[in-house]
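# Secondary and tertiary structure notes
As a plain string of letters, each chain reads:
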Amino acid sequence: MEDVQETTSTPPIDNIVTRSYQQEMLDASLNENIIVAQDTGSGKTHIAVLRMKFESERQPHKVSWFLAPTVTLCEQQHDVISKAIGSVGLVHGGLEPKQWTDPELWNRVIKNNRVIVSTPQVLLDALSHGYVSLGNQIGLLVFDEAHHAVDNHPMNCIMRDHYFSLPVRQPAMTSSHGPVREERPMVLGLTASPMFGGDVVEAFRKLEMNLNSVIRRPRRHLDSLSDYVHRPTFRHVVYTKHDEYQTCHLASPNMQALIRVADAIDIEQDPYVLALREDLRKRPPGPEWKRVDQKLSKVIRNKDSYTHRGLRNLEKTARDICYDLGPWAADWFVEEVVNHALQGASPYDKVISPWQHREKAYLIEHLSEIERSLVSPDPETIDSRISEKVQALLLTLTEEKARSESFNEPYSGIIFATRRDAVLALSGILKCHPLTRGVFRIGTLVGTSESSYRTALLDITRRMIAKSQSDTLTEFRSGDINLVVATAVAEEGLDIQACGNVIRWDLPSNMASWVQSRGRARRKRSSFVLMFEAGFDDGRVAEFEAQERKMEEMFNMERRRIAAEADQPEPEVEGADTDTMFRVESTGAVLTLSAAISHLNHFCSLLPSTRHENYQPLYDIDPPDMPEGWHSFEPRPNMLPYTGPFGCTLTLPKVIDAKLRVHVAKRVYLSKRSAYQHVAFRAYVALYQAGLLNDHLLPLPSINDALDEDEQLLRALIDKRSGFASVARQLNPWQPANVRDSWWTVDITVHGLPPLTLLAQAEVPTIDNGTPLNLYHPVKGLLTVTTSPAKQVKLGAEVGEAARYYTRRLFWTRVGSRMAWEHLDFAYLFMSFGDPNAAVWEERRGWCKSQNGDVDSEKVFFANAESFGKVYRFVRWQFDKLSSEEEEELRTTRRYSRIEDLQVTYPLLVAEPLSNKVNLLLRRPVAKPGKYITFIPKYTCIELYSLAECEYSYMLPSILRHFTIVMTVESLRRTLFAETPGLANISTSLLIPAITAPAADDLINYQRLESLGDAVLKFVVAVNLMARYPLWPEGYLTQRKDQTVNNGRLAKAATKVALYKWIIRTKFTPRKYTPLYLTQTADVSRVDVPSNEDSIAENGKLNIDTEQLSTKMLADVVESLIGAAYLHGGFDLGIECARLFQLGLDLSGLEDNVEKILSRVEPSADLSGQLVHVERMIGYTFERKLLLVEALTHASYHFDTETVSYERMEFLGDALLDMLVIDYLYHFAGRAFTPGEMHCFKAATVNTYFLAYRCLQLSVEVDASMPMPGPGGQITLQHRTNRIHLYQCLLHSSTVVLDDQTLSFKRFENNNAEIEEALRVGKVFPWAALTRLQPPKFLSDMIESIIGAVYLDSNGNIETIRTLLRTLGIMDCLERIVREKVDVLHPVSRLGVWVSQQHKQIAYDYTEEKGNVVCTITVEGLEPVQAEAEKRGRASQEEVRFAAAEKAIAKWDVGDKWSNAKM
């Protein structure tokens, strides 16, 4: 990067004086598009900053976009621009802008910044996908290092594909602050050299045309420019010509050793070639066979295996170094590279990890065979074994350092070399040679680009650089480093201080390199040194100087902007290719020919892949590069190069529908690249037209559905770690919308007690068999409560007052401390007309009141109120006197011990403690009778209540709790379900648990129904998605399903319909119970059910009285209601319930969806013999044979073109299997399994291991009779049978799949007896034996895909699937483990539960040792446990984790201590 001005530090922009030539360029840029061509260090960035400040004031609604070619330069320019302009955004590849798939995100970035700094590719991608509008949102484009804007560079693509199609910009000075117009932004380019080379006039014309600009350099103030830019003194150094290139290695022992090893390698023995031959041998004829055949022939012809290419590149590089720097440098380089490679021999070393293990081992083996000689650090040895060119460089450095010091200036210099390896070797020599060691402080600068696809051996040289680029630059600026050896990375883009000496080790390759490397020597009295071989024609330098003179002439010419008169620039690439473009009008997204291949690769990379099939587009060039079987020819004929034309066939992965899978470009294109681009372009457009891409031309999984504002807010809440949302409090069903004169009344009857009349402003439901109310009294046991039908009555003033007094009396004895005496506005009133003792107790209370002066207070309920304390229940009077000892014992009891001269008077009171305040709705055993206690009447307070009143006061809180729940259900029924009769008719016995949260701590809650509803919803959504999106691959379907059923979506749906009002989540605590009032009491915390929040305000905002509610609870209740609807009315009603919540998918009935799916199934001929066997195995004959073909087609299969691979069927079968297993467990007679228990049982019967076991086990005997010679020599038909297994019927074209099938069946044979025995009679589920199968996932996928196919073919018949599950052995296994209570908890889960109970943390660590995977389990305070297994991929990691968990359970006695989690 160049400085804003030539200063040691960058002050605020306002403090910098704008130079006259900078002002001249700024003024020119305001009137037209220009490319500022000035030397490095002349302050071009300052001009751009001033221009962007002006543009932000002239067009405040648009941004200026600053483009720099590298990430490093973007970061540096962002720092400079930010100091001058406040709001500057930075976007580059490191920030993953490809994942910014929300248009609103880009809008916010543009809205919040005045300037955006990015690489050109970032802006090109944003424009291509329609996220940014060039004409509406960008007012100025600034191109730093603008000379790159040629050919297919992203800078040029921005202009060519997006700029010239916009309306021509109106005169810049008339834009003002008016409305935003769609028009071309202005353009400002910055460059030190407007050209790379060639014809100057043509280079200027092309760059000006591409950027719609004119190249300008200061003319009026050119003298001022020369005052600040110091051209270096040009020098050249001549060195003696080297030895011959082909023989230079003879002086390098390490090179000779390398050559001997490289020459001895036979390409035919290379593991890559052997693997290709084996792959070819196993493959049946077909497209994939041809691809492997071509690959094998090309590898052999070009000797292009990893090992051969790596050694060949190392040899060539070492030879170049030997020729250029001398044999000592070659020896040093070979030694360093080989040492680093051998040190990185681990299979997981980051340098060569992408290589296959055998190929890497093969390379390491041959590198080890290189007999390397130690490289001597002796100065004389070094000096005698370096080239004349290095000697000349050393002398030049010495002279330049002395020259700098003669001016009393510290030396600082840069040596530019073309290749990375030359930089490393040169720095190695300079650090060791006596002339430079300790004299120069050496640093290196090379490119920092990284790629996960690098597999070249020489990429290991990246690890040979000790310091990072930023550290080297920092130390160079500070003077800690005074000599940098660099590649072209230091020519442009890096913020390097002006130095005094630049030396070109290699001549510049083009004009830009010449100008930019020279520009680094811009200090006063600096020098620019070129190194020439003796006798070398210096015409190249003369050419550069001539081009510079021509550029001077061009700068001084008065030229018009070439591109200003044309709407489009001239095409720069061949033929019609530049005209191929597809645009989505709604978003402005654009697909160009040059971007088609990368777009298609991105699309395929998002398809979920496995180790058996890596989904990539396959390009088959037409004609093929090699004759078929060339690798097997003897002798192999020489191949003449084919020059065209070319065509191409593109095949997309098998998961893509057959109609979209194959695309053909005819043989009319002049290059292979062009053929590839055209066929990829057609395929990508077809994918968009088929709905597999969105309107931004991105794969669907890369963008979420558009969210409304409410959903965005809710998603933000849900994304928080707390997982809570603010919602209105629970509905109070007792609170009417308006207080009325009429009241609802019912009579409550409890066995053994007189009826009690309940009056309420809200309608009270009738307690019947549908909503039974049972109380579990701690003394009396089970009590049944019934009510009369509700009716409305007018409540007179006198009756109302009596009812309020009576209600207060009922509650006061138990909860009076939580009530206000004068507050009588109860939400419910009680009256008793059938208590035979009512008159007696009323008379007693009247007497008591008269004794207290007829004052209405709580004292009216108490006789002898001198003493208060614990409440007891009266049993009887005791007239018999106590013995003297008993009287003395009574006097000394705690309650009487403080009374002096206590007289025991008769009769005595006998009482027993009252039962504790408990929730009588919960089941509990009957308590044993309490111990009777004797009291002296004088010192005892008597509450004047009848026995019935005492019992009702104890039971009413629980009775009212039940009424509250039932009334909440009725409210839900009358409001949310009002327009859906089917939902309104769901029984109360289902709706009560469906809306009751576990937090309520009631007898039942929604957890079981939520498990069922979750499974039903996922299955219903899966069927709907299958029907709605027939072309979507499984990955799209899965993501869309997850979006529909995830907790965020469900919680949003619940919030939208205010479902939280009806969720019973307030815990019933009788000890803190307080009756409800129609008007709120002061102390809200004491109220069991809060006051009315039964609606949301009309503006949609929640009432102020809110609470924090778990978003998971909101989602769970949605699923539990779906489960209740399913139980009441089957799938149709379950779907109706799901539709009520508007989950973003228009759900319809299963029957209609199945019919829609089947309508697209093409009729087919009879099955092949192998697939007929499958029908026999599963006991089902398909009417639509293609469904079975699809269910058994692996993604690697390259023959059948009528169907996709099985992933879509597996997607459906997986959801159906889960649903049926949960449905069975929910309905299991005699046991109400908890969600945790259902999960454990389901995990045991639908896991990958068990389903794969069934796949390996399922088989059928087939007739294999063959004519053979009999005993007499006659040919007779010999009866024989073969057993065909289901796994063998998978249609595939993969040798990896074949190997996995063979190995899996071998492991099956070894473990089958043990597994079968455990499944048949074992008490513990055979997790260990199943894990040892290590089955590939496609085996379990086959079972699930067959289930999906049978479901569709049977027209959605669930009973057919239940029969199929029994045939597959799934249902029989499930029934046995449930019926016989088999222990199915996985050891890893068992260990996790136990560790959690110990309040500790557990860690699983995996390492690899000697071909084995080792798992170490650590728990704080316990000795670690280890287990190991042979490394065989991911499956072996699962096996070793299981084995380690079992060892830990035994070692730590988990089996004895773990009990709470057992079923």
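### A look at the overall build of the chain
Helix and strand content of the chain: 49 helices and 38 strands. Looking at the chain residue by residue over its 1463 residues, the buried ones come to 55%. Counting only contacts in the chain whose residues sit at least 6 apart along the sequence, the fraction spanning at least 24 positions is 75%. Accessible surface, the chain: about 65000 Å² in total, of which carbon and sulfur atoms supply 50%.

### Quick look at the pattern of salt bridges
Going through the model one piece at a time under the given rule, you end up with 56 salt bridges. Arg 160 is paired through a salt bridge with Asp 161; the nearest N and O atoms lie 3.1 Å apart. We classify Arg 160 as buried; its relative accessible area is 15%. Accessibility expressed as a relative area gives 5% for Asp 161, which makes it buried. The partner of Lys 672 in a salt bridge is Asp 625, and the shortest N-O contact between them spans 2.6 Å.

### Let's talk about the nonpolar core
In terms of nonpolar packing, the biggest core is built from 197 residues, with Leu 1121 and Tyr 1351 touching the most fellow members. Take this core: its biggest share by element is 16 residues, from helix 35 (residues 1111–1140). Contact partners of Tyr 1351, with chain neighbours within four places excluded, come to Phe 1019, Val 1023, Leu 1150, Val 1154, Leu 1212, Leu 1216, Gly 1356, Asn 1357, Ile 1358 and Ile 1361. Grouped together as the second largest cluster of nonpolar side chains are 56 residues, Ala 329, Leu 367, Ile 370 and Ile 429 included.

### Observations concerning the sheet that holds strand 17 (residues 646–651)
If you walk across this open sheet you meet the three strands as 16-17-18, and the pairing is antiparallel. The open sheet has two edge strands with one neighbour each: strand 16 (618–622) and strand 18 (662–669). Pairwise comparison of adjacent strand axes, ignoring direction, gives a mean angle of 15° for this sheet. Where strand 17 meets strand 18, five bridges bridge the pair, whose relative direction is antiparallel.

### Topic: a nonpolar patch on the surface
The grouping of Phe 874, Trp 877 and Phe 879 at the surface amounts to a nonpolar patch, some 370 Å² of accessible area in total. Looking at the secondary structure, you find Phe 874 in strand 27 (residues 872–878).

### Focus: the packing of aromatic side chains
The full count for this structure, using the stated rule, is 32 aromatic pairs. Judged by centre distance (5.0 Å) and plane angle (50°), the rings of Tyr 1126 and Phe 1131 are tilted. For the pair formed by Tyr 1126 and Phe 1131, the shared burial category is buried. Three or more aromatic residues joined by ring pairs make a cluster, and in this case those are Trp 734, Phe 811, Phe 826, Tyr 828, Phe 830, Phe 1068, Tyr 1073 and Tyr 1077. The ring of Trp 505 has Lys 389 lying over it, and the distance from NZ or CZ to the ring centre is 4.2 Å.

### Structural notes on helix 17 (residues 388–406)
Working note: α-helix, 3.6 residues per turn, so residues spaced by three or four point in the same direction. Taking 1.5 Å of rise per residue, 19 residues should cover 27 Å, and helix 17 covers 27 Å from first to last C-alpha, within 8% of that figure. Looking at helix 17, one finds that the buried residues are Lys 389, Val 390, Ala 392, Leu 393, Leu 394, Thr 396, Leu 397, Glu 400, Lys 401 and Ser 404. Just downstream of helix 17, Asn 408 is the residue with a positive phi angle, here 60°.

### Topic: a negative patch on the surface
Residues Asp 1132, Glu 1136, Glu 1151, Asp 1152 and Glu 1155 make up a contiguous surface patch of negative charge. Of all the secondary-structure elements, those providing two or more residues to the negative patch are helix 35 and helix 36 (1150–1158). It is helix 36 that contributes the most residues to the negative patch, three residues altogether.

### Considering the pairing of strand 25 (residues 828–831)
Side-chain alternation along strand 25 places Tyr 828 and Phe 830 on one buried face and Leu 829 and Met 831 on a second face that is also buried. Alignment of strand 21 (residues 756–760) against strand 25, held across four bridges, turns out to be antiparallel. Bridge pairing in strand 25 places Ala 760 opposite Tyr 828.

### What to know about helix 31 (residues 988–995)
With seven of its eight residues buried, helix 31 lies for the most part within the structure. Considered for burial, the residues of helix 31 that qualify are Thr 988, Leu 990, Leu 991, Ile 992, Pro 993, Ala 994 and Ile 995.

### As for the confidence of the model for the chain
Across the chain, pLDDT averages 81, with 83% of residues at or above 70. A low-confidence stretch, residues 1–14 (pLDDT under 50), is modelled with 43 contacts involving residues beyond four sequence positions or located in other chains. Between residues 450–455, whose pLDDT stays under 50, and residues either more than four places distant or in other chains, the model counts eleven contacts.

### Notes on the packing of helix 11 (residues 271–282) against helix 12 (residues 287–302)
The N-to-C vectors of helix 11 and helix 12 enclose an angle of 155°; their axes lie 10 Å apart at closest approach. On the basis of their axis angle, the class for helix 11 and helix 12 is roughly antiparallel. In this structure, the crossing between helix 11 and helix 12 has a hand that is left-handed. In this structure, helix 11 contributes Tyr 272, Val 273, Leu 276, Arg 277, Asp 279 and Leu 280 to the contact, and helix 12 contributes Trp 289, Val 292, Asp 293, Lys 295, Leu 296, Val 299 and Ile 300. For the contact of helix 11 with helix 12, the class distribution of residues is nine nonpolar, no polar and four charged.

### Digging into the sheet that holds strand 10 (residues 442–445)
Sheet architecture is open: six strands sit in the order 8-13-12-9-11-10, paired in parallel fashion. Lying at the two open borders of the sheet, with one neighbouring strand each, are strand 8 (233–239) and strand 10. Going across the sheet, the axis of each strand differs from the next one's by a mean of 20°, ignoring polarity. The pairing of strand 8 with strand 13 (residues 527–533) spans seven bridges and is parallel. Its bridge partner being in strand 13, Val 237 is matched across the sheet by Met 531.

### Here's the deal with the side chain of His 147
Summarising the element assignment, His 147 is placed in the loop between strand 5 (138–144) and helix 7 (154–163). Residue classification places His 147 among the buried positions, given a relative accessible area of 2%. Within the local environment of His 147, its side chain forms a polar contact with the side chain of Thr 191, the two groups lying 2.8 Å apart.

### Structural notes on unusual backbone geometry
Following Glu 634, the chain continues into Pro 635 via a peptide bond in cis, with omega recorded as -10°. Looking at the secondary structure, you find Pro 635 in the loop between strand 16 and strand 17. The amide bond that connects Gly 644 to the next residue, Pro 645, takes the cis arrangement and shows omega of 5°. Of note, Pro 645 is situated in the loop between strand 16 and strand 17. Backbone geometry at Asn 408 places phi at a positive 60°, although glycine is not the residue there. Checked against the element boundaries, Asn 408 lands in the loop between helix 17 and strand 9 (413–416).

### Concerning the environment of Ser 412
One can find Ser 412 in the loop between helix 17 and strand 9. Remark: the alpha-carbon pair of Ser 412 and Asn 482, spanning 70 residues in sequence, is separated by 4.6 Å.

### Description of the state of the cysteines
Each disulfide consists of a covalent bond between the sulfur atoms of two cysteine residues. On inspection of all chains with the given rule, the structure shows zero disulfides. With no disulfide of its own, Cys 1255 lies 8.9 Å from the sulfur of Cys 1289, the closest cysteine sulfur. Among the residues examined, Cys 1255 registers a relative accessible area of 0% and is labelled buried.

### Re the environment of Ala 1328
Structurally, Ala 1328 can be placed in helix 43 (residues 1327–1332). Note on Ala 1328: relative accessible area 18%, which makes it buried. Taking the C-alpha atoms as reference, Ala 1328 lies 9.1 Å from Ile 1315; in sequence the two are 13 residues apart. Apart from residues lying up to four places away in sequence, Ala 1328 is in contact with Phe 1442 and Glu 1446.

How each quantity is defined
- Residues numbered from 1 in each chain as written.
- Predicted model: local features only at pLDDT ≥ 70, side-chain atom pairs only at ≥ 80, totals over all residues.
- Heavy atoms only, no water.
- Helix = DSSP H or I, 4+ residues; strand = E, 2+ residues; numbered from the N terminus.
- Buried < 20%, exposed > 50% of the residue type's maximum accessible area, 1.4 Å probe, protein only.
- Contact = heavy atoms within 4.5 Å.
- Areas by Shrake-Rupley, 256 points an atom, 1.4 Å probe, with all protein chains shown as cover.
- Salt bridge = Lys/Arg side-chain N within 4 Å of Asp/Glu carboxyl O.
- Core = buried A, V, L, I, M, F, W, Y, C linked by side-chain atoms within 4.5 Å.
- Pairing = 2+ DSSP bridges.
- Axes fitted to C-alpha atoms, helices over the stretch in contact; angles between N-to-C directions.
- Patch = residues over 30% accessible without salt bridge, like charges linked within 9 Å, V, L, I, M, F, W, Y side chains within 5 Å.
- Phe/Tyr/Trp six-rings, centres within 6.5 Å; stacked < 30°, edge-to-face > 60°.
- Lys NZ or Arg CZ within 6 Å of the ring centre and 35° of its normal.
- Expected span 1.5 Å × (residues − 1).
- Lys, Arg positive; Asp, Glu negative; His and termini not counted.
- Charge placed at Lys NZ, Arg CZ, Asp CG, Glu CD.
- pLDDT = per-residue confidence, 0-100.
- Parallel < 35°, antiparallel > 145°, perpendicular 65-115°, else oblique.
- Left-handed = near helix turned anticlockwise from the far one by under 90°.
- Nonpolar A, V, L, I, M, F, W, Y, C, P; charged D, E, K, R; others polar.
- Polar contact = N/O pair within 3.5 Å; in protein donor to acceptor, adjacent residues only side chain to side chain.
- Disulfide = S-S within 2.5 Å.

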